[in-house]
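# A structural walkthrough
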Amino acid sequence: MNSIEIRHLKKYYGEVKAVDDISFSVGEGEFFAFLGVNGAGKSTTISVLCGKTEKTDGVVRIGGREIDSDTKRMLGVVFQESVLDKSLSVLENLSCRAALYGMDKTALEKRLSELSPLLSLGEILKRPVGKLSGGQKRRADIARALIHSPRILILDEPTTGLDPKTRKQVWDTVGKLRKMQHITVFLTTHYMEEAADADHVVILDGGKIKADDTPLDLKNRYAFDAITLYHVGEAALKNLSLPYERVGEGFRIRLKDTSEATELILKHPTLFSDYEVKKGGMDEVFLAVTGKKGEV
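Description of the structure in this document. Just so we're clear, the structure is a prediction, and the values are computed from it rather than from any experiment.

Looking now at the packing of aromatic side chains. Under the criterion given, the structure shown has nine aromatic pairs. An aromatic cluster of at least three residues, connected via ring pairs, comprises Phe24, Phe32, Phe34 and Phe186. For lysine 11, the ring lying beneath its charged end belongs to tyrosine 13, and the centroid distance is 4.9 Å.

Here you go:
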C-alpha cells in the first residue's frame, strides 16, 4: 500500500499555478525525495498534504484515505526552521507536543524510552533548546515530529544552514529511524546529493513534475560519468582523442557511462595507473532537468 498518493493535484492562486496537475505516489517505508528550487511548488504540496491548505483540484490520500483529522496524525513534520520554544527544555517542549495529541504522562514516558536511544536524547532532555548546538536542536526537532508515533516523517529542508558534520549526524539519525521504526520518509532539500540514497525521486519545477524515477535511473539518463587521471602527461592524453579538462593535479575525461571507462582502462592499462571513476551526480541531473542549480 502507498503511504501517500497524489493524483492530478492543482493549487492555483488566481493566475498563479503554484502546483499544476501533478501525480505521484510514495510507497510504505520508502525514502522519497521531492526536489525543486524555491518557488517550484514543494512547500505548497506539503501544505496541502498536511491539510493546512485547500487544494484547487485533485486527489490526495494518506494511508489510502482522504485527508482528515485522523490522517493528519499519521504525519510528523520537521520544518526548515525549528518550531521549538527556545526558553523551554527539550522535555518541556516534547511534553507540550504530547499533550496536544492526548498523550498522558505514562504514554509520553514510554515513547521517550523508545526515541531516546535512537536520537540520543538523554543528554539534552533537561537543557533549554536555546542552549543546544545545531545537531542537538535538529534531534530535538525530529523527536517532536515523532512523539505521537506517526507513520510518515516529512523532512522539509532539514539540514539547511548546518555544517557538514552536523548534516551527517542528522542523516545518520534518519537512517537509524528508518531501520528501527520502519517509517516512510518524505524529504525536500536543496542539497541534491542528499537525495542520492532515496528510493524514489520527483523533481518539480514551475509547479510541474519534470522527472520521476530512481536516483540511479535519473543519473543514467541525465548525468555523465567521468574518469580522472593523475600523474600522467598531457601529451599522452591527446592520443586518446577524447575531450578532457585539467582539474587540480589531474585531467578529467567526460564519459557516457561506466562501461566506457572500463573499455579505456583495458585498452590503455599503462596510462591508467592512478585514476578515479565518478558517476554523474544528482546536481548534474537537476541542472539537466530544470536548467537550474540545485543549491540556492
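Counting buried residues in strand 9 (residues 200-205) gives six out of six residues, a clear majority hidden from the surface. Inspection of the sheet shows strand 3 (residues 31-35) paired to strand 9 by four bridges, in the parallel sense. Bridging from a neighbouring strand, leucine 35 pairs with isoleucine 203 of strand 9. The pairing of strand 9 with strand 10 (residues 208-213) spans five bridges and is classified as antiparallel. If you follow leucine 204 over to strand 10, its bridge partner there is isoleucine 209. Hairpin remark: strand 9 followed by strand 10, antiparallel, with two residues in the connecting loop; positive phi at glycine 206, about 60°.

Across the sheet, which stays open at both edges, the four strands sit in the order 2-1-4-5 with antiparallel pairing between neighbours. Every interior strand has two partners, whereas the edge strands, strand 2 (16-27) and strand 5 (65-66), have only one. One ladder, built from five bridges, connects strand 1 (residues 2-13) with strand 4 (residues 57-62); its direction is antiparallel. Within the sheet, the bridge partner assigned to glutamate 5 lies in strand 4 and is arginine 61.

As a further point, take the environment of tyrosine 101. One can find tyrosine 101 in the loop between helix 3 (90-100) and helix 4 (105-119). Its relative accessible area of 18% is what places tyrosine 101 among the buried residues. Each C-alpha atom, one on tyrosine 101 and one on arginine 73, is 8.4 Å from the other, the two residues being 28 residues apart in sequence. Excluding its chain neighbours within four sequence positions, the residues that come into contact with tyrosine 101 are Arg73 and His148. Polar side-chain contacts of tyrosine 101 include one of 3.1 Å to the side chain of arginine 97.

Let us now look at the nonpolar core. Residues Leu35 and Val201 are the most contacted members of the largest nonpolar core, which totals 49 residues. Those residues in contact with valine 201 that lie beyond four places of it in its chain are Ala33, Leu35, Ala195, Ala211, Asp212, Asp213, Pro215, Leu218 and Met282. Among the nonpolar cores identified, the runner-up in size contains 24 residues, and Val26, Ile46, Met74 and Ile154 belong to it.

To continue, consider the pattern of salt bridges. Where charged atoms of side chains with opposite charge meet at close range, the side chains can pair. In this structure the tally under the stated criterion is 16 salt bridges. For arginine 7, the salt bridge identified is with glutamate 5, shortest N-O distance 3.6 Å. Accessibility expressed as a relative area gives 30% for arginine 7, which makes it partly exposed. Ionic contacts of the salt-bridge type, sharing partners, join the residues Arg65, Asp68 and Asp70 into one network.

Thresholds, definitions, all that
Residues numbered from 1 in each chain as written. Predicted model: local features only at pLDDT ≥ 70, side-chain atom pairs only at ≥ 80, totals over all residues. Heavy atoms only, no water. Phe/Tyr/Trp six-rings, centres within 6.5 Å; stacked < 30°, edge-to-face > 60°. Lys NZ or Arg CZ within 6 Å of the ring centre and 35° of its normal. Buried < 20%, exposed > 50% of the residue type's maximum accessible area, 1.4 Å probe, protein only. Helix = DSSP H or I, 4+ residues; strand = E, 2+ residues; numbered from the N terminus. Pairing = 2+ DSSP bridges. Contact = heavy atoms within 4.5 Å. Polar contact = N/O pair within 3.5 Å; in protein donor to acceptor, adjacent residues only side chain to side chain. Core = buried A, V, L, I, M, F, W, Y, C linked by side-chain atoms within 4.5 Å. Salt bridge = Lys/Arg side-chain N within 4 Å of Asp/Glu carboxyl O.

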